[in-house]
Amino acid sequence: MDDVKQLVATIKKGDLKPIYFLMGEEAYYIDKISDYIEENVLDEAEKGFNQMVLYGRDVSIDDIVSNAKRYPMMAERQVVIVKEAQDLSRSIEKLAEYAANPQPTTVLVLNYKYKKLDKRKALYKAINKVGVVFESKKMYENQVADWIRRVLAGQNYNISPKAAQMLVEFLGTNLSKIDNELNKLKIVLPAGTQITPEHIEENIGISKDYNNFELRKAVGQRNVVKAHKIAKYFADNPKDNPMVVTVSLLFGFFSQLLHLHGMSDRNPRSVASALKVNPYFVNEYLDAAKNYPMKKVSYVIGVLREFDVKSKGVGSKAMPEKDLLKELLVKIIG
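Residues numbered from 1 in each chain as written. Predicted model: local features only at pLDDT ≥ 70, side-chain atom pairs only at ≥ 80, totals over all residues. Heavy atoms only, no water.

Novice: Give a detailed account of the nonpolar core, specifying residues and quantitative values.
Specialist: Y20, I37, W147, I148, L167 and I200 are the most contacted members of the largest nonpolar core, which has 44 residues in total. Here I148 is in contact with I159, A164, L167, V168, I178 and L182, once residues within four sequence places are set aside. (Core = buried A, V, L, I, M, F, W, Y, C linked by side-chain atoms within 4.5 Å. Buried < 20%, exposed > 50% of the residue type's maximum accessible area, 1.4 Å probe, protein only. Contact = heavy atoms within 4.5 Å.)

And the structure:
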């Protein structure tokens, strides 16, 4: 996020480069940077003649170069944006000749989503000398809740750790989807609000009591009644709660417990850092470690590997997911 802010700040100051190559697995920041250039580099009067948006599936490299070499009309510069440029991946290296000597009055922006340039090849080296190569990396799941907090803080909102975790577990690491849901919340909640699990439930439809986060907590506490209540809810709402996601989350949880058992320093700050979890949740892990000795944790990890395969339809004899989950909980909690 800091790299994005710095890049946008330089553009805002008017320090523009002839080429911006925006690439990588996380489409969210590619879109944000490209949209900022599209909306702010030229004023409205200049855009009609001097701003062009192309799509990779509809053009060739020659078309892009031809447009980039044009001179602006009644303006200092023109902007050429190529969206979905990854559709040109087979021929993208042909752009190296232009990149070696770009038109100084053109700002060429290429949105190269889900792919990366080979840093050893001519195109990357040429753009890196005269322009910007920005790689938008996919976030790890344990980084997303903090990203949500930081985004909201910049917009005068707060969010509770549990509410942020609910969004991560329901929406995964797709920042664009999360941003869309946050925008929905900001429509109905005034600035300065602390977003709570109740807000998430009321406005997004994620249950604050029946979700993978609460299931993990119930399992960690060996709370049989609560765990089976959540399992029943999952059985009644299978599309929103696929078994494979539940197994993956529990596997991650018990893998972290195994790591915790190997730690000599159980200071909450040290545990949060080592397990890469929000300090708010550290006690949940410490309590679970008391309920599941190392030998039991190792056993549970083996069980979860077995049920991961079964949840994908291998060796489960077509057992319904609801029965699989019940059986899994019995084996874990005992």
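Novice: Explain the packing of aromatic side chains to me, using residue names and the numbers behind them.
Specialist: Using the criterion set out here, one finds nine aromatic pairs in the structure. Judged by centre distance (5.3 Å) and plane angle (70°), the rings of F213 and F281 are edge-to-face. Here the residue F213 occupies a position in helix α11 (residues 212-220), and F281 occupies one in the loop between α14 (268-275) and α15 (282-291), the gap between them amounting to 68 residues. The pair F213 / F281 is uniform in exposure class, with both members buried. Every member of this aromatic cluster is reached through a ring pair, and the members are F253, F254, Y285 and Y292. Across from the ring centre of Y292, 4.7 Å away, lies the NZ or CZ of R222, which sits over that ring. Sitting over the ring of F307, K310 keeps its end group 4.8 Å from the ring centre. (Phe/Tyr/Trp six-rings, centres within 6.5 Å; stacked < 30°, edge-to-face > 60°. Helix = DSSP H or I, 4+ residues; strand = E, 2+ residues; numbered from the N terminus. Lys NZ or Arg CZ within 6 Å of the ring centre and 35° of its normal.)

Novice: Break down a nonpolar patch on the surface for me, with residues and values.
Specialist: Taken together, F49, M73 and M74 make up a surface patch of nonpolar side chains, about 370 Å² in accessible area. Residue placement: F49 occurs in helix α3 (residues 44-50). (Patch = residues over 30% accessible without salt bridge, like charges linked within 9 Å, V, L, I, M, F, W, Y side chains within 5 Å. Areas by Shrake-Rupley, 256 points an atom, 1.4 Å probe, with all protein chains shown as cover. Salt bridge = Lys/Arg side-chain N within 4 Å of Asp/Glu carboxyl O.)

Novice: Would you mind going over the environment of K69 in detail, with residue names and values included?
Specialist: Inspection of the secondary structure puts K69 in the loop between α4 (61-68) and β3 (78-83). Non-local contacts of K69, meaning those with residues more than four positions away in its chain, are made with Y98 and Q103.

Novice: Kindly report on the packing of α11 against helix α12 (residues 224-236), identifying the contributing residues and their values.
Specialist: Across the interface, α11 lies against α12 with an axial gap of 8 Å and an inter-helix angle of 150°. Between α11 and α12, the interaxial angle falls into the category roughly antiparallel. Considering only the axes of α11 and α12, their crossing is left-handed. Counting all contacts with α11, which are made through N212, E214, L215 and A218, the residues of α12 involved are K226, A227, I230 and F234. Partitioning the contact of α11 with α12 into residue classes produces five nonpolar, one polar and two charged. (Axes fitted to C-alpha atoms, helices over the stretch in contact; angles between N-to-C directions. Parallel < 35°, antiparallel > 145°, perpendicular 65-115°, else oblique. Left-handed = near helix turned anticlockwise from the far one by under 90°. Nonpolar A, V, L, I, M, F, W, Y, C, P; charged D, E, K, R; others polar.)

Novice: How would you summarise unusual backbone geometry if you had to cite specific residues and measurements?
Specialist: Here the phi dihedral of M74 falls at roughly 55°; this positive angle occurs in a residue that is not glycine. Mapping M74 onto the fold places it in the loop between α4 and β3. Judged by its relative accessible area of 71%, M74 is exposed. Positive phi values are uncommon outside glycine, yet Y114 reaches one of about 65°. For Y114, the location among the structural elements is in the loop between β4 (106-113) and α6 (122-130). Residue class for Y114 comes out partly exposed when judged on its relative accessible area of 46%.

Novice: Tell me about helix α16 (residues 294-311), and please be specific about residues and values.
Specialist: For α16, with 18 residues, the first-to-last C-alpha span of 25 Å sits near the 26 Å given by 1.5 Å per residue. Those residues of α16 not exposed but buried are K296, V297, V300, I301, V303, L304, F307, K310 and S311. Those residues of α16 hidden inside the fold are in contact with α13 (243-261) and α17 (321-333). Of the residues flanking the end of α16, it is G313, one or two places downstream, whose phi is positive at about 90°. (Expected span 1.5 Å × (residues − 1).)

Novice: Give a detailed account of the pairing of strand β2 (residues 51-55), specifying residues and quantitative values.
Specialist: When β2 meets β3, the two strands line up parallel, connected through five bridges. If you follow L54 over to β3, its bridge partner there is V82. (Pairing = 2+ DSSP bridges.)

Novice: An account of the side chain of S311 is needed here, citing residue identities and associated values.
Specialist: Topologically, S311 is positioned in helix α16. Take S311: its relative accessible area is 14%, and that puts it in the buried class. One polar contact links the side chain of S311 to the main-chain carbonyl oxygen of D308, over a distance of 2.8 Å. For S311, the residues in contact, after removing those within four places along its chain, are M243, V244, E321 and L324. (Polar contact = N/O pair within 3.5 Å; in protein donor to acceptor, adjacent residues only side chain to side chain.)

Novice: Please give an account of the sheet that holds β4 that cites residues and values.
Specialist: Two strands in a sheet stick together by hydrogen bonds in their backbones, pointing the same way (parallel) or opposite ways (antiparallel). The parallel open sheet is built from five strands, whose spatial order is β2-β3-β4-β1-β5. Since the sheet does not close on itself, it has two edges, and those belong to β2 and β5 (132-135), each with one partner. Direction aside, the axes of adjacent strands within the sheet are offset by 15° on average. Note: strand β1 (residues 19-24) against β5, four bridges, orientation parallel. Looking at the pairing, F21 lines up with V133 of β5.

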